[in-house]
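Coordinate inspection notes
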Amino acid sequence: MASINKKRILLVLITFLFLIACLVARLIWLQIVMAPKYSLAVKNQTTSKIVLKPQRGIIYDANGNILATNVSGGDVYAAPKNITHPDAVANKLYNLLGMKKDSLYKLLSNKNSEWTILKKNVPLDNVNKIKKLNLAGIYVEDTSIRSYPDGSLLSQTLGFTGVDGNGLYGLEYSFDRYLKGISGLEVATTDEVGHVIGLPEKLYEPEKGDDLVLTIDSVIQGYAETAIEKAYETYSPANGITAIVMNPKTGDILAMANIPDFNPNEPNKVSSIDTWSNSAVSYLYEPGSVFKVVTASAALEESLVTPDEQFYDPGYYIVSGHRINSWTKLGNIDFSQAVAMSSDTVFMKIIVERLKLNTLYKYINAFGFGSPTGIQLPGEASGMIIPEKNVHPVDLASMSFGQGIAVTPLQMIDAFSATINGGYLMKPNIVKEIKSGDKVIKEFKPQVIRQVISQDTSNTMKELLKKVVDEGTGTACQIPGFTVGGKSGTTENYSPGKYTASFAAFAPVDNPQVAVLVVIRNPTKNGHMGGEIAAPVVKDILSNTLRYLMIKK
């Protein structure tokens, strides 16, 4: 009996020792082997990693005026599990967040969601009011909101940013990698509801984005926008108006305006997202007789015509058995009069019979048509040119006065400038430099693409274009005290009664400082001819700009 009891006691002791050994082993496993893993899990649960948004770079005009900047605001988040009365919270917040109460309540009452974004880019006043409410489960992260102080000024060129701060259109998009900066990181200990306790464990400060300095002058931009706004009211163009002001010697863009436009502070308040696109670089149109500056330059450069050579304009031209009517019937005229009065007949005769296809295409390509200009803006179109092998004689005749070829307004003013600046095709430029603080990290200097005509031909073209304004189709662009040269263009689009009216001009004639192009797309009232409706708009912009730049009369 005693032996059996001893065995039982020994069995209990062994069992007890085994259990103690298991417990010790478990403690060793948890506290030594698994300690790093559990320690990391606890740390992750009580540590927040907050990405610190950098300040986006500022965009300035050529004179240092701010076109795009940042203002303080905040992003508002919620932890629904920590919200006891979502209906009461929704009632207090919906106005401050600009949300519908029902939509906000659904977000706050979703207990399956640990974390949700309520609204980004909340204005500072509302952010401060939300903070004062001190609502459990509601968190505010201070941030900056992109702001455009001048509203719609230069809207399509500047573009805008999304709620995440990334550039979506315009310069904001094409220079996003410079403007956006480098994000920072804050690592801090938090309590059970996510509030930061004490000082951050680690802090990596964000780096501000680089700044852009444009060639745009806000004053000249204002002149251009005011002028096309008035023209928009007067002519009610179905497809809007574009105006570009350029320094013809450098290729610098001084103004680039489109209407309809939009407010980049509220980009979604547009009737169509097409309004976001920059028509100055993306819209294709047949330039009409403004294109005669190219064909005239080519004929003069090739010594195929002289300004005083005599021609006869019967009001039509016959090519390959097809009669193409001209809008003029001028009788006996010289070439300078043919330019001044925009005789289609004379230009068809010169191009078809003298310049011919191969040489015309040489100059079309040399003046940059059919290729993007390379300006620092997104969405630039290349234009459309009929492949040379597919050009028939009738096509060639039509191209002599700017039909059968599609260009962008930027291509047209760039080519126009080349005819009057000594013959140099310049690369259009809208950004002057990129700066990091006071240090210039990248500079965009004037760049000559190629010389397309000689200085002598350019001088002749200036005098011919002066005659257009003095006594031809551009008299509506005369500016008292200044010599002005220009060329009108009118194209009937492929629907009856639909026209594109345009006018390009420069001044002063002896030393061109400013070139302006205005394109009015499908005007619906008060005229449709380029010299009739576009020339006065150009005059308005050009006269104000000359006065502002203090160009001597």
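First things first, this report covers the structure right here in the doc.

Taken together, the side chains of L10, L13, I14, F16, L17, I20, V24, I28 and I32 present a nonpolar region at the surface, about 840 Å² in accessible area. Take I32: it is sitting in helix α1 (residues 2-33).

Before going further, it helps to examine the side chain of N247. Along the chain, N247 falls in the loop between β9 (241-246) and β10 (253-259). In this structure the side chain of N247 is engaged in a polar contact, spanning 3.0 Å, whose partner is the backbone nitrogen of K249. Contact partners of N247, with chain neighbours within four places excluded, come to D252, L254 and Q513.

For the coordinates displayed, the defined rule picks out 14 salt bridges. Taking the shortest distance from any N to any O, the salt bridge between K131 and D142 comes out at 2.7 Å. Residue K131 is located in helix α5 (residues 124-133), and its partner D142 is located in strand β5 (residues 138-147); the two are separated by eleven residues in the primary sequence. With a relative accessible area of 39%, K131 lands in the partly exposed category. The class for D142 is exposed, based on a relative accessible area of 53%. Among the salt bridges present, the one from D344 reaches K292, with a minimum N-O distance of 2.7 Å. Pair noted here: D344 is in helix α13 (residues 344-366) and K292 is in helix α11 (residues 292-301), with a separation of 52 residues, a long-range link. Judged by its relative accessible area of 8%, D344 falls in the buried class.

We now examine unusual backbone geometry. The peptide bond linking I259 to P260 adopts the cis configuration, its omega dihedral lying at 5°. A507 connects to P508 through a cis peptide bond whose omega is -20°. On the secondary structure map, P508 appears in the loop between β22 (499-507) and β23 (514-521). Residues other than glycine seldom take positive phi values, yet N134 does so here, at roughly 50°. The exposure class of N134 is exposed, given its relative accessible area of 68%. Positive phi, normally seen in glycine, also occurs at S342, with a value near 60°.

Relative orientation of the contacting elements helix α9 (residues 218-235) and helix α17 (residues 530-548) amounts to 160°, with a least axis distance of 9 Å. The pairing of α9 with α17 is recorded here as roughly antiparallel in orientation. The two elements α9 and α17 cross, and the hand of that crossing is right-handed. In contact with V219, I220, Y223, A224, A227, I228, K230, A231 and Y235 of α9, α17 contributes E532, I533, V537, D540, I541, N544, T545, R547 and Y548. When the residues that make up the contact of α9 with α17 are grouped by side-chain class, the tally is twelve nonpolar, two polar and four charged.

Here is what the cut-offs are and how they apply
- Residues numbered from 1 in each chain as written.
- Predicted model: local features only at pLDDT ≥ 70, side-chain atom pairs only at ≥ 80, totals over all residues.
- Heavy atoms only, no water.
- Patch = residues over 30% accessible without salt bridge, like charges linked within 9 Å, V, L, I, M, F, W, Y side chains within 5 Å.
- Areas by Shrake-Rupley, 256 points an atom, 1.4 Å probe, with all protein chains shown as cover.
- Salt bridge = Lys/Arg side-chain N within 4 Å of Asp/Glu carboxyl O.
- Helix = DSSP H or I, 4+ residues; strand = E, 2+ residues; numbered from the N terminus.
- Polar contact = N/O pair within 3.5 Å; in protein donor to acceptor, adjacent residues only side chain to side chain.
- Contact = heavy atoms within 4.5 Å.
- Buried < 20%, exposed > 50% of the residue type's maximum accessible area, 1.4 Å probe, protein only.
- Axes fitted to C-alpha atoms, helices over the stretch in contact; angles between N-to-C directions.
- Parallel < 35°, antiparallel > 145°, perpendicular 65-115°, else oblique.
- Left-handed = near helix turned anticlockwise from the far one by under 90°.
- Nonpolar A, V, L, I, M, F, W, Y, C, P; charged D, E, K, R; others polar.

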